[in-house]
Structure formats: C-alpha cells, structure tokens
Amino acid sequence: MASQEDSAVNQAGKILSVCWNAGALAASYYDIDQLELYAVQQAIEPRPQYVLLRDLVQRYRPLYYVITGPACFLEDCREVLGVPTAVANQPAPSDLVDQSGGNASQPSNVKIVEYTAQSQAQARGRLLAHKLAGMPPESSERECRTFLESIVPFEQELLVTSVGNLLLLLDTVGDTLSPAQLVTRINLVTPSTQLVIDGLTYEALQIFDASRHPSGFKCGTDTRGLSVYSLFNRCSSKNGEEWLSRLMTQPIRDRAELQHRHDTVQWLLANVRYANQFDQCLKHLTNVGLLYRKLLQGTARNVDWKMLKKNLYYLYSLCKLCALTLEDAQVAGTVVQQLGQYTRIPTNALKHVLYTIDKCLDLEKGDEENKVTIRAGLDPAVDRLREQYDGLREVVLESSRLGLETLQLDMANICVTYLPSFGFVISTQVDEQLQRSGIFQHESFDLVFQADNTAYFQISLCKELNDEFGQMVASMIEHELAVQTRLTTFVGTKFPEVMGVFKLAGKLDALLSFATVAKMHRYVRPLVCDDAKVLQIQGGRHVVLEHRRTYRANDTCVGETNHHLVNVIAADTRTHSAERGTRWVRETNHHLVNVIAADTSVGKTTYLKEVAIICYLAHVGSFVPAAYAKIPLLDSIYTRLDHPESIFSGRSSFMSELYQMASLLQNATASSLVLIDEFGKGTNYLEGKSLLIASIEHLLKRGHSAPITFVTTKFTGIERFLPTVHRNLLVRVHRTPTVRQSRSSTRTSDTLDVTSDDPADPTERLKATYQLAFRAVAFAVMKYHQAAGGQAPATESIRALMESTPITRVPEQCLEISHPPPSRAVQQQHNRHANDDVTGDST
C-alpha cells in the first residue's frame, strides 16, 4: 500500500493555464494532488522578457498547459515554455488536443485556446456555473456570482478567462469525478508577494541540484546530489516533503508571512520536547487527497477507509498536542497556534468525520471479509439482511468443510463471500498446498475465476442459494452502497476544511525541518527589514560548502551604517585562528555596487553564492547560516553565475552569458539583489572587459535606484576604468604578489581573501610578464610550424599572432605595472575628500 501511495505522490502535478494580452498576464493552475485551483492575479508582463511567466513555469513545473493569447504570444511560448505550439488550425476552446498524437505540430500536453470575445464569454460562463463547497445547493446565478466574486476578482478579464479555460479543460479529462468534486476550493495568489528567481539561479545556487547533461538527448536529467534541499529535507512525511519543496520553490516577499514562519521555527527551537511529539504524529500522515479521490470514484476499499481514519486520527492528535501549548505567550503567531485553536472549534470537521466513520463502518470486520462493512446497529434493514446473509455463508462453509478437509486444506484460509457477478463463492489463497491438494481437478469444486493470487470456487449448494437468495443479497448490497454513498457525501462536504488542516500539518512538518537544520548547524534568525538598501551579514557561511571542508566565515555590509568594511572578509580553507584581517572604518556606506577584482582563484564565486543563498533562505522562512543577518525585503534575485553548457540549448557559452546579462539589466529593480561573476570571460580580453565596465556604469547611472550588486572579475585593472570616487561604487582589488610567490605558495583556497597587501617588485613583475609573452609567441609559432608541414610562418602571420589574444594583454599589463595605482591610504583619503564635495549620485 505504501508503495502505491508513493507512486501516486510522484505522479501528482499541476495543470497551468495562462492568458496574455497587451502586456498583461493572468494565470491559474490546478493542483492534482490537493484537488484545489489557484488563481494568480493579473499583472503587467511585457514581452519578450515574460518574467512572471518564466517564474510560474519554474515554480510549478506543470504537466499540462492551457495557453490563451494572440499569435505573437503563442509564438513566444515556443521559447518560454520550451514546448512547440501551433498557431494555425487552432482547436475550438472546448476541444482537447488529441492525446494519441494525431496533430503532428502540437504536443499532447498543450491546449491552445484562441483569444476571442466568444472564448472569453464561454470561459466566464463556465466559471459562473461552477459549484464550490459552501454554496447553497439551489443557488441562483446571481448568488453564485456573488459568492465567486468574493474569491476571484471578476474585473480582471484575463484572470476570469484563464480560470474558465482551466475548468473547461477539467470538464473533458474523462474522469469519473464531476468538476465540482475535482475543484474543492479556489485560492487567490498575488504575484506582488512572490520573490522572482530564475531557473539558472536555482541551478547555480544548487537549491535542488538539477543538472543538465551536455548531450541533448539527456537534457534535463536530474542528478540529485548534495544540495540545499537535500540538506534541509528532514521531514517526517511525504506531505511535509511536498510542503518543503513548495516553500523552497516559492520564496515570498510577504513580511507578515515570513515573520509567521520565523516565529514558528523559533518556537520549535525553544520547545524541543513538543517538537519531538509533533514529529511522532506527523510521520503517520500520508496522501489524504489521493484517498479522497478514491472515495469519490467509488474505488475505495476497506484498507483505504482505514488509512483515511488513521490520517484523521493522527491529524486530530497533532491538533490536540498543539492545543496544550496555547498557554505559552510565545506561541502566538505560529502554525502551532493555528492547529491548537482549531480543536477549540465545536464544529471542527476532523472530530465529526472521525466520529462518523467510526459509527458507520466496521473496519476490523471489513479486514476479515475484505470488503467495506457497515457497522451493526446503524440501519435495521441492513442488519436484518446481514443476519440472513451470514447464515447462508455458514451453510455454504459447513457444506464444503468435509470436502475441503479431505483435500487437507487449512480452513482458516477459506472464506465464503458473495460476488455480484457470480453469487456465493468459496475463496482461498493460491499456494503450493492448494496446488498439491488437487482441488482444481476435483469434480465438486468448480473454479469460477482466479485473480490476485486468489482462487474462487463454487459447489452445487452455491448455485442453489444464488437462485433462491440472490435477490435478497442484492438488496443487502444495495442498502450498503446507499449508506456508503451518504458517508462519502458527508466526507466530501467536510473535505475542504480537513484539507486545510492537513496543509497546516504539512507546513508545520516543513518548518520543523527548518528548525532541525538550524539547531544542528547553528543558524540564526534573520532580521528582515523594509529598507531595500541595507544588507548586513556577520559570520556568513555557505550552506553546502561548509559540510565538505573547513570554511571561514564572511562578513558583508551594504547600506546606511556607521561602519563599513575596507576589505572583504572571505571564506578560506585556512584553519588557523589568526587575526581575521578585517579593518572597520567609521563612515557612512552608500556602496550599492561592489566590485571585487582578483587575478587568482580566491573564492569570489563562493562568496557570491553564499550571499545569495542567505538572502534566499530568509525569504523562504528559514534561519540562515550566519552569526547575524539583516536582510532587505527583496523582490527578485538575478545572477550571472554558472551556466550549464549544453549542445541542446543551441547557444554558445558567451551568447548564454549575454542573454543572462540582458535579462538581469532589464528586469532588476531597486529592490533586487544582483550577482555577476566574471562576466566577459567567454570572449577576448578587451571586449569582455568593455562589456563588464559598460554594465557596471549602466547600474551606477541609476543612482540610489540601483540594486544591491556584487561583481567579481579577474580584470584587476578595472579600477582604472571606473569612477572609484562614486558614492554608490566600491572597488576591491587583490593582486597576486609575484609569479614566484604564487607558485611556491602552498596555501590552497577556493574562498575569497583579499585582505593581504601587495609587496611585489614592479621590475621583477615586468620581467616576468615579458617572459610569459615571449613564451606565448614561441609556442604559437611552434604550433604553426607543425601545422604548416615544417614551413616558417610569414611576417603577416607573426604580426597577427602579436595582435591576437592573449598577447594583446601584455602591453596593458605592463602599463599597469609601470604605473601602479595609489596606495590604499592615499586612495581612502582621496575618497573621503571626494565624498565631501560630491552632492549628486555621481562625480
């Protein structure tokens, strides 16, 4: 049974319906597992960026799409959704795409609805006709609209069209359930409360570690490894794992909800005894939505009813445990308080459904008979028919006892039951003893059929009883089905409320996982502030890297503060406890754009990922790996970090970098966090540096509206091309002392350390640079000589080699060595005088 439920959970997914027109987008999606529909409010969505649409696809990863919009939008969906869409010969709104693949130009998981006045009217009419739980049975159209308008804003035409088209699709899925049973609740989602993170950022930060294989036919292969999700997954139930995945794929910027989650985690950390008791209840919860679907379809067996009762029992026990904590003032504003207060509602659905199931069904006797059994005393007519039926079963069993004992069969494994298609039958399990008994060749026992390792036989008495009492047994079965139907209807009316409590339990399980990780690894509660220009992290650590090697904590300080860091504190694999090398200067810090330049691998990328993950965790409701963290309320996180190279993408590595940077610069707002790692390394030195400098200048032109930005690069001479006295810019440069020292150094680190001075001798460095240049030219000439069959290269070829990369870097590097930048003390004094004179956002 457990394996079947796990399989069902893995197959559960979502159906996404999107409607776009004239730069605005509305969406809705149906959760197959929860039987609930979510409506995403209409928002501005310019093309071709489609930031919201890309975010929805990344968050929900739908199994099926319903696309509505003009031809230009349908064409854009080819790239945005990653699925081909046919614009011509579109099907009618009520027609479903042929699942057998009859339409060669259209995939089986996409339905196209033409955006016309007729389709809009049809979608609106379908939404108004939908019956939700809580509506009066005989509601008029006006009453239904009033009820629905309290949930869905009907003034948003695109949203109404999206929801209506999704309901029209559910009408045609061919399921045995009615649409009213498929959609038990409609929830409204506001895009303004969501934190936007693109899919490449999720991959670069190893949130779920879903890597793309470079081979096209293996694109999308999921290679689960050490990821942020795997480290946080300490959930006790599948329901909790689904909620953990939901929280981590849907970071939010709703401060009240974030405080609600942080308060819950903090209370769980302070009350470990209760947390352990919660865990004992949560581990017994399974997929309630799947069980309810079986009940509605009429396929539920006795074991399904038993599993439903078990879920409800442990869910109610969890609520009772939470009720014991209500006297604690610290529990206010937590999920624990919500669950505890639910038990104080006299008409709560959990208690009523549990009582009704226990009163109506005899689950223990149902296990013996392998069928749903009505409890004695519930219906006098059923009891009377049941008494006659049990008497007939005893007669059949006693009549066949002698023959079965002669065959040396164990009577404990023999059962007499009534099947509507065959009447009274004798059933037994098929095993070696049954095969040796010779019952299949015995003339008194007629094999009716065999299924699920169970054989069903009839004797002559069975056939006689079928003729005489068949009508009576059929009447008993009809009465039992009527009782089951009334019970299922009652459970259906209470299910939305039960599912709401079940969702709270899953959320508690996920937050309990956050608390477990926070306790194990010494995480702290982040202070989420409204000021988008303040980011302060003390002792920040990388979530994944600190589990693999010794990791040195980092400090980050951006925004209005009385102190700022002169040098970046960076992660380091050094384990000695020497002075950390950080110098604090008492002055106001306006540096929104921070550039870190280092010509060696000192952990620049690791530092950027550390900052991004800490901000991300704060926006999912988790504590963060730091000694102190003050995180701004962000609306998006954009990165130019690792990009998976794949022949399936059809883009070069540098072209992919340009796409990322274009999206970043166009969509980043004043409340965004921007991380750029070594942009321009995919092309030649001069062009790459030019693009990087232009991007930084573009961000600086925004002034105080610029996002909090961290840029790393290997172009150590970048400070000569940037306005270093700009109030919103801070450039930190770390150069390798000398080539000799760099090679002889035994210190290895993949984390940032730009706190050391540069004692290099310019003369020695100039000499080493020329030596490297001569070696590069000699190597290039030798390769040309081998390729040309032993012929010496022409003068033009030598000149072309001198003008190409990387030799063109030599004169510029020599210029930097010959004219070194001013010392730090002189530069700081210059900056202080410049800041006093500057009155605008730039010099």
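Residues numbered from 1 in each chain as written. Predicted model: local features only at pLDDT ≥ 70, side-chain atom pairs only at ≥ 80, totals over all residues. Heavy atoms only, no water.

Going by the annotation in an unreviewed UniProt entry, the name recorded for the protein is DNA mismatch repair proteins mutS family domain-containing protein, with Anopheles melas given as the source organism.

Right, let's talk about the overall build of the protein for a bit. Each helix and strand counted, the protein has 28 helices and 22 strands in total. With 843 residues in all, the protein has 51% of them scored as buried. Counting contacts in the protein only where the partners sit at least 6 residues apart, residues at least 24 apart contribute 71% of the total. When the accessible surface of the protein is totalled, it reaches about 38,600 Å², and 51% of it is carbon and sulfur. (Helix = DSSP H or I, 4+ residues; strand = E, 2+ residues; numbered from the N terminus. Buried < 20%, exposed > 50% of the residue type's maximum accessible area, 1.4 Å probe, protein only. Contact = heavy atoms within 4.5 Å. Areas by Shrake-Rupley, 256 points an atom, 1.4 Å probe, with all protein chains shown as cover.)

This part takes up the packing of helix H13 (residues 288-297) against helix H14 (residues 302-323). H14 packs onto H13 with a crossing angle of 140° between their chain directions and a minimal axis gap of 10 Å. Put simply, H13 runs oblique to H14. The crossing of H13 and H14 is left-handed. Across the interface between the two elements, Val288, Leu291, Lys294 and Leu295 of H13 pack against Asp304, Trp305, Met307, Leu308 and Asn311 of H14. By residue class, the composition of the contact of H13 with H14 is six nonpolar, one polar and two charged. (Axes fitted to C-alpha atoms, helices over the stretch in contact; angles between N-to-C directions. Parallel < 35°, antiparallel > 145°, perpendicular 65-115°, else oblique. Left-handed = near helix turned anticlockwise from the far one by under 90°. Nonpolar A, V, L, I, M, F, W, Y, C, P; charged D, E, K, R; others polar.)

Okay, the side chain of Thr325 next. For Thr325, the position within the fold is in the loop between H14 and helix H15 (335-342). By relative accessible area, which is 3% here, Thr325 ends up buried. When neighbours within four sequence positions are excluded, Thr325 is seen to be in contact with Trp267, Tyr274, Val331 and Val336.

Formed by 135 residues in total, the largest nonpolar core has its most connected members in Phe278, Trp305, Leu535 and Phe710. If you tally residues by element for this core, the top one is helix H20 (residues 460-521), at 17 residues. Leaving out residues up to four positions away in the same chain, Phe278 has contacts with Trp267, Leu268, Leu318, Leu321, Cys322, Val336 and Leu508. (Core = buried A, V, L, I, M, F, W, Y, C linked by side-chain atoms within 4.5 Å.)

Moving on to the confidence of the model for the protein. Confidence along the protein averages 76 in pLDDT terms, with 73% of residues attaining 70 or more. Considering each helix and strand of the protein separately, the mean pLDDT is smallest for helix H1 (residues 2-11), with a value of 36, and largest for helix H11 (residues 255-270), with 94. Predicted confidence for residues 210-224 stays below pLDDT 50, and this span has 23 contacts to residues more than four positions away or in other chains. Counted against residues more than four places away or in other chains, residues 562-588, with its pLDDT under 50, gives 84 contacts. (pLDDT = per-residue confidence, 0-100.)

Right, let's talk about the pairing of strand E17 (residues 593-598) for a bit. The element E17 is largely enclosed, with a buried count of six among its six residues. Bridge count for E17 against strand E21 (residues 708-713) is five bridges, and the pairing is parallel. From the neighbouring strand, Asn594 faces E21, where its bridge partner is Phe710. Pairing between E17 and strand E22 (residues 729-734): six bridges, direction parallel. In the strand pairing of E22, Val595 is matched with Val731. (Pairing = 2+ DSSP bridges.)

So, on to the sheet that holds strand E14 (residues 554-558). The strand order across the open sheet formed by four strands is E12-E18-E13-E14, and the pairing between neighbours is mixed. Looking along the sheet, the strands with just one partner apiece sit at the ends: strand E12 (527-529) and E14. Along the sheet, successive strands turn relative to each other by an average axial angle of 20°, direction set aside. Relative to strand E18 (residues 628-632), E12 is paired through three bridges, and the arrangement is parallel. Pairing of Cys529 across the sheet is with Pro632, part of E18.

Here the focus is unusual backbone geometry. The phi dihedral of Gln206 is positive, around 60°, even though this residue is not glycine. Tracing the backbone shows Gln206 in the loop between helix H8 (199-204) and helix H9 (228-232). We classify Gln206 as partly exposed; its relative accessible area is 22%. In the Ramachandran plot, Arg522 falls in the positive-phi region, its phi being about 60° despite a non-glycine side chain.

Geometrically, a pair of aromatic rings is defined through the distance of the ring centres and the angle of the planes. All told, the structure shown has 16 aromatic pairs when counted by the stated rule. Their ring planes at 85° and their centres at 5.6 Å tell us that Phe232 and Phe514 sit as a pair that is edge-to-face. Note that Phe232 is positioned in helix H9 and Phe514 in helix H20, a separation of 282 residues in sequence. Overall, Phe232 belongs to the buried group, its relative accessible area being 0%. Classification of Phe514 by relative accessible area gives buried; the value is 0%. Pairwise contacts between aromatic rings join Tyr202, Phe208, Tyr229 and Tyr616 into one cluster. The ring of Trp243 has Arg246 lying over it, and the distance from NZ or CZ to the ring centre is 4.5 Å. Stacked on the ring of Tyr274, the Lys or Arg Arg273 has its end atom at 4.7 Å from the ring centre. (Phe/Tyr/Trp six-rings, centres within 6.5 Å; stacked < 30°, edge-to-face > 60°. Lys NZ or Arg CZ within 6 Å of the ring centre and 35° of its normal.)

Ordered in space as E8-E9-E11-E10, the four strands form an open sheet in which the pairing is antiparallel. Unpaired on one side and paired on the other, strand E8 (415-419) and strand E10 (446-451) mark the two borders of the sheet. Looking at each pair of strands side by side, their axes are set apart by 35° on average, direction ignored. Where strand E9 (residues 423-429) and strand E11 (residues 454-458) come together, four bridges link them in antiparallel fashion. Along E11, the bridge assignment pairs Gln429 with Thr454.

What follows deals with the pattern of salt bridges. A full pass over the atoms with the stated rule returns 18 salt bridges. One salt bridge in this structure joins Lys503 and Glu36, with 3.1 Å as the shortest N-O distance. Of the two residues, Lys503 sits in helix H20 while Glu36 sits in strand E3 (residues 36-44), which places them 467 residues apart along the sequence. A single burial state applies to Lys503 and to Glu36, both of which are buried. Close ionic contact of Asp358 with Lys309 constitutes a salt bridge, the shortest N to O distance being 2.9 Å. One end of the pair, Asp358, is in helix H16 (residues 349-360); the other, Lys309, is in helix H14, with 49 residues separating them in the sequence. For Lys309, a relative accessible area of 24% corresponds to the partly exposed category. A cluster of three or more residues bridged by salt bridges with shared partners is formed by Lys14, Asp31 and Arg246. (Salt bridge = Lys/Arg side-chain N within 4 Å of Asp/Glu carboxyl O.)

Here helix H22 (residues 653-667) crosses helix H23 (residues 685-700) at 10°, and the two axes come no closer than 12 Å. Regarding the angle of H22 to H23, the classification is roughly parallel. Residues Phe654, Leu658, Met661 and Leu665 of H22 lie in contact with H23, whose contacting residues are Leu691, Ser695, His698 and Leu699. The residue inventory of the contact of H22 with H23, partitioned by class, reads six nonpolar, two polar and no charged.

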